[in-house]
Amino acid sequence: MKYGIAVDLGATNVRVIAGCRDGRIIARIMERTNLMGGPEAVSRQIIRLIKRICRENTLKLEDADGIGVGAFGPQDPIRGGISRPANAPYEFIPIREPLTEEFKVPVEVMNDCLVAAIGERFYGAGRGIDNFVYITISTGIGAGVYVDGHVLLGKDGNAHEIGHIVVDYEGRLLCGCGKRGHWEAYCSGKNIPNYARLIIEEENLKDKFRHSYLYKASYGKMERVTAKAIYDGAKIGDFLCEHLVNRVGEINAMGVASAINVYDPSVVILGGAVVLNNVEQVLTPIRMQFKDYIVNREAEVKVTPLKGDVVLYGALAMAFGLHKKG
Ligand SMILES: [Zn+2]
């Protein structure tokens with residue numbers, strides 16, 4: 001049987017599947033990413049997982065069409081790996097070379113946001129659509145973009161760092177990248193609590209906080225507020241949480257509108273944990289407000305049908321070389 005191997009290498013988890021060209025998944029496996037065992041430990045872990053998935057499913061390694069890897073960035077496409085990752089103390093994490101040496105099949109490594117867009121193009125909401133933007137709102141915010149049927153790469157394969165577009169010229173919040181006023185600093189899963197604290201402070205909502213669901217969920221401590229608690233509160237109609245979710249939604253609408261203005265897509269596909277866990281709460285304010293900011297003809301805004309597997313599907317398409325054909 002012909003099959004491909006797809007790897008979703010995240011900073012938290014590494015996931016591997018064996019799958020068919022038509023998108024059927026034969027088997028899957030997941031582990032915590034070993035980021036602390038030295039720069040070579042990551043590829044050793046991937047090799048071990050691939051061997052295990054083949055062994056347990058009686059797949060012959062020599063029958064594999066190829067291996068596709070969607071990895072966190074920043075990417076170094078020349079050396080085929082991750083260059084100076086923010087979350088590990090290494091100059092470089094090699095991926096392509098150790099996998100090629102071990103398995104002797106074609107190996108493709110790309111930025112996971114671009115890989116997610118490839119997943120949409122071949123197996124998701126981007127099928128048959130030449131112009132679309134995939135945006136993930138998760139720990140961070142990123143994007144992958146198809147224009148005229150081609151995925152946009154950039155000089156190092158790190159195009160569309162959309163999470164770092166400026167949404168606040170006053171720069172009230174500091175982004176993880178070290179700069180101020182970026183979309184991600186207000187609306188990523190990690191940073192929504194910072195924005196919530198800023199709103200509560202600036203709008204004198206401390207009294208409201210003391211009588212909110214959020215107060216109970218965070219044991220009365222502003223520093224213990226989480227994005228999950230804010231969205232959970234909004235789901236049960238808590239006034240403060242609904243207000244915070246709408247404020248986050250305003251900025252998300254600006255971000256989505258900027259993507260529409262810059263890339264002129266037919267569809268904007270949203271994914272990532274914050275979106276998938278709170279579809280209505282994230283989608284509704286975006287849909288209500290993005291038109292206020294666009295100059296281009298409007299795009300349809302929808303949630304990925306591939307859910308949390310979008311990077312795996314893109315890596316599967318890469319394993320079969322589909323992305324090179326458009
Ligand atoms: Zn930033």
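Residues numbered from 1 in each chain as written. Predicted model: local features only at pLDDT ≥ 70, side-chain atom pairs only at ≥ 80, totals over all residues.

Peer 1: Could you give me a rundown of the overall build of the protein, with the residues and numbers involved?
Peer 2: Along its length, the protein carries 12 helices and 13 strands. Its C-alpha atoms give the protein principal-axis dimensions of about 65 × 45 × 35 Å. (Helix = DSSP H or I, 4+ residues; strand = E, 2+ residues; numbered from the N terminus.)

Peer 1: Which residues make up the nonpolar core, and what are the values?
Peer 2: Of all hydrophobic cores here, the largest spans 95 residues; its most connected members are Val7, Ile135, Ile230, Val256, Val268 and Ala315. Examining the composition of this core, we find that 12 residues originate from one element, helix 9 (residues 239-263), more than from any other. In this view, Val7 contacts Val14, Val16, Ile46, Ile67, Val69 and Ala315; residues no more than four positions away in its chain are not counted. (Core = buried A, V, L, I, M, F, W, Y, C linked by C-beta atoms within 7 Å. Buried ≥ 20, exposed ≤ 12 C-beta atoms within 10 Å, placed from the backbone. Contact = placed C-beta atoms within 7 Å.)

Peer 1: So what's going on with the sheet that holds strand 5 (residues 75-76)? Residues and values would help.
Peer 2: With antiparallel pairing, the 3 strands of this open sheet are ordered in space as 5-6-7. With partners counted over all chains shown, the strands left at the sheet margins are strand 5 and strand 7 (92-94), one partner each. Of the strand pairs in this sheet, strand 5 and strand 6 (residues 81-83) are connected by 2 bridges, and their pairing is antiparallel. By the bridge assignment, Asp76 is partnered in strand 6 with Gly81. (Pairing = 2+ DSSP bridges.)

Peer 1: Can you lay out the pairing of strand 2 (residues 13-19) for me, pointing to particular residues and giving the numbers?
Peer 2: Burial within strand 2 is extensive, with 6 of its 7 residues counted as buried. The turn joining strand 1 (residues 3-9) and strand 2, which pair antiparallel and follow one another in sequence, is formed by 3 residues. As paired elements, strand 2 and strand 3 (residues 25-32) share 7 bridges and run antiparallel to each other. The residue bridging Ile17 from the neighbouring strand is Arg28, located in strand 3.

Peer 1: Provide a residue-level description of the pairing of strand 1, including the pertinent values.
Peer 2: Put simply, side chains in a regular strand alternate between the two faces of the sheet. Across the 7 residues that make up strand 1, a large majority, 7, are buried. Summarising the sheet, strand 1 and strand 4 (residues 64-71) pair through 6 bridges and their orientation is parallel. Bridged to Ala6 within strand 4 is Gly68. Here strand 1 pairs with strand 2 via 6 bridges, running antiparallel. By the bridge assignment, Gly4 is partnered in strand 2 with Gly19.

Peer 1: Give me helix 12 (residues 310-319): which residues, what numbers.
Peer 2: Within helix 12, 10 of the 10 residues are buried, which leaves it mostly tucked inside the rest of the structure. Burial in helix 12 covers these residues: Val310, Val311, Leu312, Tyr313, Gly314, Ala315, Leu316, Ala317, Met318 and Ala319. The inward-facing, buried residues of helix 12 contact strand 1, strand 2, strand 4, strand 8 (107-111), helix 3 (112-123) and strand 12 (267-271). The positive-phi residue at the C-terminal boundary of helix 12 is Gly321, with phi of around 70°.

Peer 1: Explain the domain arrangement of the protein to me, and be specific about the residues and the numbers.
Peer 2: When the parts of a complex come together, some accessible area is lost, and that lost area is often taken as the interface size. Per the domain assignment, the segments of the protein are domain 1 (3-112 + 309-325) and domain 2 (125-304). Of note, the centres of domain 1 and domain 2, computed from C-alpha atoms alone, are 28 Å apart. The interface is formed by 9 residues belonging to domain 1 together with 6 residues belonging to domain 2. Elements with a contribution of two residues or more to the side of domain 1 that touches domain 2: strand 5 and strand 8. Broken down by class, the residue content of the side of domain 1 that touches domain 2 amounts to 4 nonpolar, 4 polar and 1 charged. (Domains from an automatic or database assignment. Nonpolar A, V, L, I, M, F, W, Y, C, P; charged D, E, K, R; others polar.)

Peer 1: Before we move on, could you go through the environment of Ser138 and cite the residues and values that matter?
Peer 2: With respect to the helices and strands, Ser138 occurs in the loop between strand 9 (132-137) and strand 10 (141-147). What makes Ser138 partly exposed here is the crowd of 19 C-beta atoms within 10 Å. For the pair Ser138 and Gly189, spaced 51 residues apart in sequence, the C-alpha to C-alpha distance is 5.4 Å. Beyond its immediate sequence surroundings of up to four residues, Ser138 is in contact with Ser188, Gly189, Gly272, Ala273 and Val274.

Peer 1: Before we move on, can you summarise unusual backbone geometry with the specific residues and values?
Peer 2: Cis rather than trans, the peptide bond between Gly73 and Pro74 has omega equal to -5°. Within the secondary structure layout, Pro74 lies in the loop between strand 4 and strand 5. The phi dihedral of Tyr219 falls on the positive side, at around 55°, and the residue is not glycine. You can call Tyr219 exposed: it has 8 C-beta atoms within 10 Å.

Peer 1: Any chance you could break down the sheet that holds strand 13 (residues 300-303) for me, citing the residues and the numbers?
Peer 2: With mixed pairing, 5 strands are arranged side by side in an open sheet as 11-10-9-12-13. Strands at the two margins of the open sheet, each flanked by one partner only, are strand 11 (150-151) and strand 13. Strands strand 9 and strand 13 of the sheet are contacted by helix 11 (residues 279-289), whose axis makes an angle of about 175° with strand 13. (Axes fitted to C-alpha atoms, helices over the stretch in contact; angles between N-to-C directions.)

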